[in-house]
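# Commentary on secondary and tertiary structure
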Amino acid sequence: MTLVAPAPGARPSPPAPAPARRALRALSPYGYIAPFFTLFAAFGLFPLLYTAYISFYKVELQTPGDKLWRGWSNYTAVFDDPFFWTALRNTFTLGALSTIPQLMLALGLAHLLNYKLRGRTLFRTVMLLPYATSVAAATLVFAQLFGHDFGLVNYALSLVGIGPVDWQTGTWTSQTAVSCIVIWRWTGYNALIFLAGMQSIPADLYEAAEMDGASRWRQFFHVTLPGLRPTIVFAVIMSTIGATQLFGEPLLFEGSASGGISHQYQTLGLYMYEQGWSFFHLGRAAAIAWVMFLLILLLVGLNALLTRRRPAKETAR
Amino acid sequence: MHIARAARSNLVRLGAVTLASVLLAACGSGSTGTGQSNGEVTLSIDLFGTFGFKEAGLYKEYEKLHPNITIKQTDTEQEQNYWKSLQTRLAGGGGLADIQGVEIGRITSVAQLQSDKFEDLDAYGAAKLKKNFTASKWGAATAKNGAVVGLGTDNGPEAMCYRTDLLKKAGLPTDRDELAKRWATWQGYIDLGRQYKKNAPGKSAWIDSVRSIYTNVAGQSKERYYDPSGKLIWETSPTVRQAWDLSVEAAHAGLSGSLDQWSPSWNQAFAAGSFATLPCPAWMLGYIKGQAGKSGAGKWDVAKLPGRAGNWGGSYLSIPRMSPHKKEAYELIKWLTAPEQQTKLFQKVGNFPSSIPAIEKVADTKDPYFSNAPIGRLFGTAAEQAPVQILGVNDQDVQEQIAKALFEVERKGTSSSAAWGNARKGVQNAIG
Amino acid sequence: MTTTLTDTRRAPANGAPAVNRPTTRRRKRAGRTMHAGRLTYAFLVLATLTSMFPLYYTLVAASRSNADIARVPPVLWPGPNLLHNFQQALQQADIGRALLNSLIVSSSITVGTVLCSTLAGFAFAKLRFRGRNALLAFTVGTMMIPPQLGVIPLFMVIAKLQWANQLQAVILPSLVSAFGVFFMRQYIAQSLPDELIEAARVDGASTSRIFWTIVIPVARPAMAVLGLLTFMTAWNDFFWPIIALSSQEPTVQVALRQLGGGYVQDQSVIMAGTLLGTLPVLVVFGLLGRQIVGGIMHGAVKG
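### Topic: the overall build of chain A
Scanning chain A from terminus to terminus reveals 13 helices and two strands. Within chain A, contacts between residues at least 6 apart in sequence are counted, and of these 65% link residues at least 24 apart.

See below:
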């Protein structure tokens, strides 16, 4: 990933200490990483491996003591389940519907925020407010706004003669509504990330462009965008991971784990949750979890492949 | 970096807050839920939907009778969510209340799969109470080894609730006996709905959702999802088929408000008067009062349900093995489910008794909110005639999936056969 | 409060050169930046209003009655029922207890995460040991693991420990923050000159002494930013708490879910609960918004 910056280079070696102290010093670094890795082993790694283990068994939440060997059948059951493919497709469409507009809007906002502004701190802070609002709170409000009969959105649409739109049961409409929550929460955050990237672009590049007579638009496309590339890659990767893990918004939108009556906005995360915590099939849910993990690895791997093709200089931010 | 530096001073503040809260946590964990000093006991009771104990003032009464007891209730509207969290906590072995409510559609699952996780109430002398309850109510909560896993609260005999004002505006009769004759069958009910639709006031629908039709029709037969041997037969069950077809017909005729039951918009529709009729088990009366509010008083009435008598819902109270106050908890549920309290409950919030002496006592009850409808007699007759249903482990799961598929039909216009296919897939998925 | 913040903000930055550079650049660039036109302001105001509107609408709905919300045309300004609805929400979903629980959980997670991350970040940045790079790469790699993946066995672990529905079930697993370790490592690597550590070593200082007297003071700003971000994330965390906790011992987000799907007569009470659960974060945001903005932007440049 682009995040890994090279470790600091060679440095002068310290004066040779006494043997006992040397041994202690050789071990002490592990003491510093021990708290993190102990916790990680107990609450990160172990669950990960154990998930793999129970994904080969029939385990039910109601009777967690009884394990029944199932081999690969939890996995084949997943691939045979039409709802899995629905969830996979939804995860992609919801991901696209929420990520693309969000990043475009964020880019535009960052550009505007980069002007010399009065009250710029206020603008920045307010735009970050949605990020500080919890998924649960945001979704409850948006569910109200997108209500079929009494929602504000449908009322506003009715003023211009549209509607009423069914934001709950239509496939595209419900996905749009759910995406709106994601976009609302994350656009400001990404705008700030982009803004930070813009501000680190050397001013002389703009000066040079201006001397060449480049218009504002040309400056944006030929100086700002290329300079922002590492930041954009970063934001795209983070949003992709976020989109793959989308869960809270679709769960709370109508409060059901099936993601709408026809599973029309059920994401993979929700699909797993439904199997595990509505139907109590823990073994099968574990298989879904692993499928999800491999999928994310694949996506991030693709991302990394795409970024590696660019010069290393840009990546080493 | 100057910005972050400023936050340094705030780190100190944050530290202070944290220290304070960690100390609080330390104190808090010592006293979680229950205070023990001088025999004082806090009993926690975790329920779903409308049990009505709190609303009828029963907790206060019990606390007055037993000054050392404090009762704390938590409540989840949707039984599905409640069941999920109950099962998670049973598996996790923590966070259970002293008393947990169990829906009738789940009691078989508890009795057959989880009787080791709940107290056998026989050990506390529950056998003496057996004569108070109807045989079916008692039997459903008895495990194969004879353990009694719960005491019955209410039953759900069904009737039809309707808005007299809306029916009048649509030019239909409003008299409950006249209506009962017109909708003696479900077909008659749907035909009447067609008439209503022609002059429906203010875009209101005939019924809230076809789910209402489905659940009520399905509640009118002895056998629906399981056969007596415990085999899952819902796909070939004539009851399910009949209930399904009637629901689809009502949906296609455009009689339904297509509201998702138990959702906020369903709740809002009560106050807004968006539908004219609602098949209602007795416990729904309290819910209607709550949602429609004071302004709805006198506008509602209750009549006999189309078709045969049926039952929808009704519940049990059980005590998890983990409860630290099993004895006190037993005393409380014994009191709450006793005939006197069941009588009060019906008179105040409408939950119909499952206790025989209480059913006799409430026979003459009338409800002014529902235009003085003789609800005691109406529901009493229904309870008497309602079939003793065969229940199975996954009763509730099957019902949920079918209801969801029907919702697709009315809300999205999905064809009946496609929706049936979805229901099948859903049930397969749920049962695994 | 505000003045203090402004003053500190004006104080010159005295970090490592690496930290100073973007600042000077920005200053130079700021002089050259084009002034915003009217259209720019119009767009920004629009974006600001969009950001605020859902929160404003929460206030409107929370201060009204159920019937008001269901009215057409809808009401758009606050009504008189706010306190009444607050009271109802506090009664029905135990929001009071939820707020306290959330405070305990979020604070503990914040302190624990910052401490663990600083320790490990320091080791990764400045200490040499076998397997360092591999372990660091591994740590960063774990960021890709979906939180849903380990939930089932994690729940089984919690069940074994008899922790279900107790606050530590949420606190301990959340202390594992690969992001935090990486964030601190990046900061310490760039803002703490190696010479400073070598000099201390020559003076005979032990590693732990170096950590407490040199690393911590230098890393403090980054620790504060990480702390703020962790606190907000922990406060808003949702997926694991609804599994591990219940309405018996809820955090705010769990209680909100209970309100949303709970036996609540009216929508306005749900909105009142939502507002109550959001207020603490909004307060933190009002007081420290500038720092949070700065922290996120800083993290972005570093990342």
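Next comes the rest of the description.
### Topic: the interface of chain A and chain B
With 29 residues of chain A at the interface, the matching set in chain B holds 29 residues. Across the chain A to chain B interface the summed buried area is about 2,400 Å²; carbon plus sulfur atoms make up 52%. Of all residues in chain A, Gln62(A), Phe150(A) and Ile261(A) give up the largest surface area on contact with chain B, accounting jointly for 27% of the area buried on that side. Counting across the chain A and chain B interface gives one salt bridge. Between Arg411(B) and Asp166(A) there is a salt bridge, and its shortest N-O distance comes to 2.8 Å. Seen at the junction of chain A and chain B, the total is eleven residue pairs in polar contact (both at pLDDT 80 or more).

### Description of the environment of Val300(A)
Residue and element names in this part refer to chain A. Tracing the backbone shows Val 300 in helix H12 (residues 282–308). Val 300 sits in the buried class, given a relative accessible area of 9%. For the pair Val 300 and Ile 237, spaced 63 residues apart in sequence, the C-alpha separation works out to 7.1 Å.

### Digging into the domain arrangement of chain B
Residues and elements named next belong to chain B. Taken domain by domain, chain B comprises domain 1 (37–155 + 314–361) and domain 2 (157–311 + 386–431). Once you take the C-alpha centre of each, domain 1 and domain 2 turn out to be 28 Å apart. With 24 residues of domain 1 at the interface, the matching set in domain 2 holds 18 residues. Of all residues in domain 1, the largest losses of buried area upon contact with domain 2 belong to Thr 50, Glu 77 and Gly 105, amounting jointly to 25% of the total for that side. Joining domain 1 to domain 2, the criterion identifies one salt bridge. Between Asp 397 and Arg 106 there is a salt bridge, with the nearest N and O atoms lying 3.6 Å from each other. The interface formed by domain 1 and domain 2 contains one residue pair in polar contact (both at pLDDT 80 or more). Elements represented by at least two residues in the side of domain 1 that touches domain 2 include exactly helix H3 (79–92), helix H4 (104–113), helix H5 (135–140), strand E4 (151–163) and helix H14 (339–349). Ranked by residues supplied to the side of domain 1 that touches domain 2, first place goes to H4 with eight residues. When the residues that make up the side of domain 1 that touches domain 2 are grouped by side-chain class, the tally is six nonpolar, twelve polar and six charged.

### Brief notes about the packing of aromatic side chains
Taken as a whole, this structure holds 68 aromatic pairs over all chains when the rule is applied. Both rings, one in Tyr57(A) and one in Trp69(A), keep their centres 5.3 Å apart while their planes meet at 80 degrees; by these two values the pair is edge-to-face. In this pair, Tyr57(A) is assigned in strand E1 (residues 57–60) and Trp69(A) in strand E2 (residues 63–69), connecting sequence segments twelve residues apart. Take Trp69(A): its relative accessible area is 60%, and that puts it in the exposed class. Centroid distance Trp262(B) to Trp283(B): 6.2 Å. Interplanar angle 25 degrees. Geometry classified as stacked.

### What about helix H8 (residues 203–211) of chain A?
Residues and elements named next belong to chain A. Listed in full, the buried residues belonging to H8 are Ala 203, Tyr 206 and Ala 209. Projected down its long axis, H8 carries its buried residues within an arc of 120 degrees, all on one side. Following H8 by one or two positions, Gly 213 adopts a phi angle in the positive range, close to 80 degrees.

### Thoughts on the pairing of E2(A)
Residues and elements named next belong to chain A. Across the seven residues of E2, zero count as buried, placing the element largely on the outside. The pairing of E1 with E2 spans three bridges and is classified as antiparallel. Bridge assignment links Glu 60 to a residue of E2, and that residue is Thr 63. The hairpin turn running from E1 into E2, its antiparallel successor, is two residues long.

### Details of the interface of chain A and chain C
Contact with chain A, which involves 105 residues of that partner, is made by 112 residues of chain C. Together chain A and chain C conceal approximately 10,100 Å² of surface at their shared face, both sides included; 74% is due to carbon and sulfur atoms. Run the count over chain A and chain C and you get zero salt bridges. For the pair chain A and chain C, the number of links is nine residue pairs in polar contact (both at pLDDT 80 or more). A class-by-class count of the residues in the side of chain A that touches chain C yields 78 nonpolar, 16 polar and eleven charged.

### Here we look at the pattern of salt bridges
All names here are of chain B. Taken as a whole and assessed by the stated rule, the structure comprises 21 salt bridges over all chains. Taking the shortest distance from any N to any O, the salt bridge between Arg 321 and Glu 119 comes out at 2.9 Å. Taken together, the residues span a long stretch of sequence, with Arg 321 in the loop between strand E8 (311–318) and helix H13 (326–336) and Glu 119 in the loop between H4 and H5 at a distance of 202 residues. Given the relative accessible area of 39%, Arg 321 is considered partly exposed. Using a relative accessible area of 10% as the deciding quantity, one classes Glu 119 as buried. The partner of Arg 211 in a salt bridge is Glu 400, with the nearest N and O atoms 3.1 Å apart. In this pair, Arg 211 sits in helix H9 (residues 210–218) while Glu 400 sits in helix H17 (residues 395–412), placing the two residues 189 residues apart along the sequence. Across this residue pair, the class does not change: Arg 211 and Glu 400 are buried. Three or more residues joined by partner-sharing salt bridges are found here, namely Glu 79, Arg 106 and Asp 397.

### A word on the confidence of the model for chain A
All names here are of chain A. Overall, the prediction assigns chain A a mean pLDDT of 84, with 90% of residues at 70 or greater. Averaged pLDDT values for the elements of chain A fall to 42 in helix H13 (residues 312–315) and rise to 94 in helix H3 (residues 82–113). Counting contacts from residues 1–14, a segment whose pLDDT is below 50, to residues more than four positions away or on other chains yields 30 contacts. Predicted confidence is poor over residues 311–317, with pLDDT under 50, and the contacts of this stretch with residues over four places away or in other chains come to nine contacts.

Definitions and cut-offs
Residues numbered from 1 in each chain as written. Chains lettered and ligands numbered in written order. Predicted model: local features only at pLDDT ≥ 70, side-chain atom pairs only at ≥ 80, totals over all residues. Heavy atoms only, no water. Helix = DSSP H or I, 4+ residues; strand = E, 2+ residues; numbered from the N terminus. Contact = heavy atoms within 4.5 Å. Buried area = accessible area lost by both parts, 1.4 Å probe. Salt bridge = Lys/Arg side-chain N within 4 Å of Asp/Glu carboxyl O. Polar contact = N/O pair within 3.5 Å; in protein donor to acceptor, adjacent residues only side chain to side chain. Buried < 20%, exposed > 50% of the residue type's maximum accessible area, 1.4 Å probe, protein only. Domains from an automatic or database assignment. Nonpolar A, V, L, I, M, F, W, Y, C, P; charged D, E, K, R; others polar. Phe/Tyr/Trp six-rings, centres within 6.5 Å; stacked < 30°, edge-to-face > 60°. Arc of directions from axis to C-beta. Pairing = 2+ DSSP bridges. pLDDT = per-residue confidence, 0-100.

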